[in-house]
Amino acid sequence: MDSQNPKSTSNESRCVFVNTDSDDYQCVVILRVKRATGTFSLVGCIFMLFVIWLLRRYHSLAQKMILSLTVAAFFDSVAYVMGDAHPEGALCDFQACWLTYFDWSALAWVCLITVNLYLNLVREISTNRYEMLYHLMAWGVPLVMASLPLLKGYYGPAGAWCWITDDHVAWRFGIWYVPLFSLIFLMICCYARIICVANARMQSWLGTFNPERERRKLSLAEEIKPLKWYPSVYLLVSIFPLINRLHNAFYPQGPSFPLTLLHVLSAPLHGLANAFVFGLDRDWWSLLSPTGMQLALQSRLCDRTRIGEYHPGAVRYTQADLVDLSDDDDDDTNVLFYSPDMTLKDRGP
């Protein structure tokens, strides 16, 4: 009876990504680090989803795109937390396909956020009508990219998780790494153009003081400031996976423990990296003060009063109008601003 499965027992006891026994400390360390980094990303995504729900930041197109990015990063993190290194089979193919799909989906949403900002700011095009197209691209293109290796049968054990196997190195780079770094480079170019245009417009808004223009300048700077970090963050978390996959291509039978460790330290961090960029927006932290949290929770759970987001664009600032309400010149009243929805009542003598 014992002689019937010594081969399977031997295969199951091998740690394929460092060529050691499964109880070797290197294998244990890599699996634990993979789960830890995946868990950190998962927690970061849950925190982002909670804040978006709590503060109702899902109405404008930009907010909806960040929400979709968070959802994609959440499911991407789930793939990294999945179990141990699976042997070749249906479960391994499922994990590889899941990982490829949501890796691509998160990347697609980051690219579309960049394109949306570029169209809004540089081309001055309203993009609300593109919402459905954005969703088709962000969820449809990843489906194609994840299905191609599955249909070819190229998925299998590929290190600390299942992905495209070592026998198909060209597919690894064609499906993921070449498009990834090409898109990162294009996003950096887009943000460079966006920042140049924004700086030029801020310097061109000269002349008499106009509160609306000042508000637009501040809003423009604050909008660009956190978003410009998305390409840099993706570049940072993708460098070590690229180096490790290049090492695997040249030395398929001799995986490097330090490179594999750096790979599992950085690759699952997309969700945590998105949360980091998310947290760079100071407006979020001002709304997440103890008082703000208490009011938001009361609005969500207890109170029927709806605490809505303040949209300064609904207020149009004008020059002060002098209104003579009495015979005395010193009793003039300055109308500082008005809203189209607000009625100014006449004041009695």
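Values in this document were obtained by computation on a predicted structure and should not be read as measured data. (Residues numbered from 1 in each chain as written. Predicted model: local features only at pLDDT ≥ 70, side-chain atom pairs only at ≥ 80, totals over all residues. Heavy atoms only, no water.)

## Structural notes on the UniProt feature "transmembrane region" (unreviewed entry) in the protein
Okay, step 1: Mapped onto the present numbering, the UniProt feature "transmembrane region" (unreviewed entry) falls at residues 36–54, 66–82, 102–121, 133–155 and 175–196.
Okay, step 2: Across residues 66–82, the secondary structure splits into 94% helix and 0% strand, with the terminal C-alpha atoms separated by 25 Å.
Okay, step 3: The distance separating the terminal C-alpha atoms of residues 175–196 is 33 Å; by composition the span is 100% helix and 0% strand. (UniProt positions renumbered as here; feature names shortened; annotations may be inferred. Helix = DSSP H or I, 4+ residues; strand = E, 2+ residues; numbered from the N terminus.)

## Regarding helix α12 (residues 290–302)
Okay, step 1: With 13 residues, α12 should cover 18 Å at 1.5 Å per step; its first-to-last C-alpha distance of 17 Å lies within 8% of that length.
Okay, step 2: Residues Gly 292, Ala 296 and Ser 299 constitute the buried set of α12. Along the long axis of α12, the arc covered by the buried residues comes to 60 degrees, so they all point the same way. Residues of α12 that are exposed and angled more than 90 degrees away from the buried face: Pro 290, Thr 291, Leu 301 and Cys 302. (Expected span 1.5 Å × (residues − 1). Buried < 20%, exposed > 50% of the residue type's maximum accessible area, 1.4 Å probe, protein only. Arc of directions from axis to C-beta.)

## Quick word on the packing of aromatic side chains
Okay, step 1: By the definition in use, this model includes 14 aromatic pairs.
Okay, step 2: Measuring from ring centre to ring centre gives 4.9 Å for Tyr 101 and Phe 102, while their planes differ by 90 degrees; the resulting arrangement is edge-to-face.
Okay, step 3: Tyr 101 sits in the buried class, given a relative accessible area of 18%.
Okay, step 4: Judged by its relative accessible area of 12%, Phe 102 is buried.
Okay, step 5: Here a set of aromatic residues connected by ring pairs shows up, and it is made of Phe 74, Phe 75, Phe 94, Trp 98, Tyr 101 and Phe 102. (Phe/Tyr/Trp six-rings, centres within 6.5 Å; stacked < 30°, edge-to-face > 60°.)

## Some words on the confidence of the model for the protein
Okay, step 1: In this model, the protein carries a mean pLDDT of 77, and residues with pLDDT of at least 70 account for 71%.
Okay, step 2: The secondary structure element of the protein with the lowest average pLDDT is strand β6 (residues 333–338), at 33, and the one with the highest is helix α5 (residues 131–152), at 96.
Okay, step 3: Of the regions scoring below 50 in pLDDT, residues 1–14 engages in eight contacts with residues more than four places distant in sequence or in other chains.
Okay, step 4: A low-confidence stretch, residues 313–349 (pLDDT under 50), is modelled with 32 contacts involving residues beyond four sequence positions or located in other chains. (pLDDT = per-residue confidence, 0-100. Contact = heavy atoms within 4.5 Å.)

## Thoughts on the nonpolar core
Okay, step 1: Among the nonpolar cores identified, the biggest contains 71 residues, and Leu 69, Leu 107, Trp 109, Trp 161 and Trp 163 are the most heavily contacted of them.
Okay, step 2: By residue number, the principal contributor to this core is helix α4 (residues 90–121), which donates 18 residues.
Okay, step 3: Setting aside chain neighbours within four positions, we find Trp 109 in contact with Met 65, Ser 68, Leu 69, Ala 72, Tyr 134, His 135, Ala 138 and Trp 139. (Core = buried A, V, L, I, M, F, W, Y, C linked by side-chain atoms within 4.5 Å.)

## A short note on the state of the cysteines
Okay, step 1: Taken as a whole and assessed by the stated rule, the structure comprises one disulfide.
Okay, step 2: The residue that forms a disulfide with Cys 92 is Cys 162, at a sulfur-sulfur distance of 2.0 Å. Its S-S torsion of approximately -115 degrees makes the covalent link between Cys 92 and Cys 162 left-handed. Remark: Cys 162 occurs in strand β4 (residues 162–164) and Cys 92 occurs in helix α4; sequence separation between them is 70 residues.
Okay, step 3: Unpaired in terms of disulfides, Cys 189 finds its nearest cysteine sulfur in Cys 190, a separation of 7.2 Å. (Disulfide = S-S within 2.5 Å.)

## A few points about the packing of helix α8 (residues 229–250) against helix α9 (residues 257–266)
Okay, step 1: Running from N to C, α8 and α9 point in directions that differ by 145 degrees, and their axes come no closer than 8 Å. Pair α8 / α9 crosses with left-handed handedness. Residue-level contacts link Val 237, Phe 240, Pro 241, Ile 243, Asn 244, Arg 245 and His 247 of α8 to Leu 259, Thr 260, Leu 262, His 263 and Ser 266 of α9.
Okay, step 2: A class-by-class count of the residues in the contact of α8 with α9 yields six nonpolar, five polar and one charged. (Axes fitted to C-alpha atoms, helices over the stretch in contact; angles between N-to-C directions. Left-handed = near helix turned anticlockwise from the far one by under 90°. Nonpolar A, V, L, I, M, F, W, Y, C, P; charged D, E, K, R; others polar.)

## Let's talk about the packing of helix α2 (residues 25–54) against helix α10 (residues 270–279)
Okay, step 1: Put simply, α2 and α10 touch, their axes get as near as 7 Å, and they point 40 degrees apart. In terms of orientation, α2 and α10 fall into the oblique class. Relative to α10, the crossing made by α2 is left-handed. From α2, Phe 40, Ser 41, Gly 44, Cys 45, Met 48, Val 51 and Ile 52 reach across to α10, where they touch His 270, Gly 271, Leu 272, Asn 274, Ala 275 and Phe 278.
Okay, step 2: Grouping the constituent residues of the contact of α2 with α10 by class yields eight nonpolar, five polar and no charged. (Parallel < 35°, antiparallel > 145°, perpendicular 65-115°, else oblique.)

## Digging into the pattern of salt bridges
Okay, step 1: Under the defined criterion, the tally for this structure stands at two salt bridges.
Okay, step 2: When the shortest N-O distance is used, the salt bridge between Glu 131 and Lys 64 registers 3.6 Å. Highlighted residues: Glu 131 in helix α5 and Lys 64 in helix α3 (residues 61–81), separated in sequence by 67 residues.
Okay, step 3: The exposure class assigned to Glu 131 is partly exposed, which follows from its relative accessible area of 26%.
Okay, step 4: The salt bridge partner of Arg 172 is Asp 166, with a shortest N-O separation of 2.5 Å. (Salt bridge = Lys/Arg side-chain N within 4 Å of Asp/Glu carboxyl O.)

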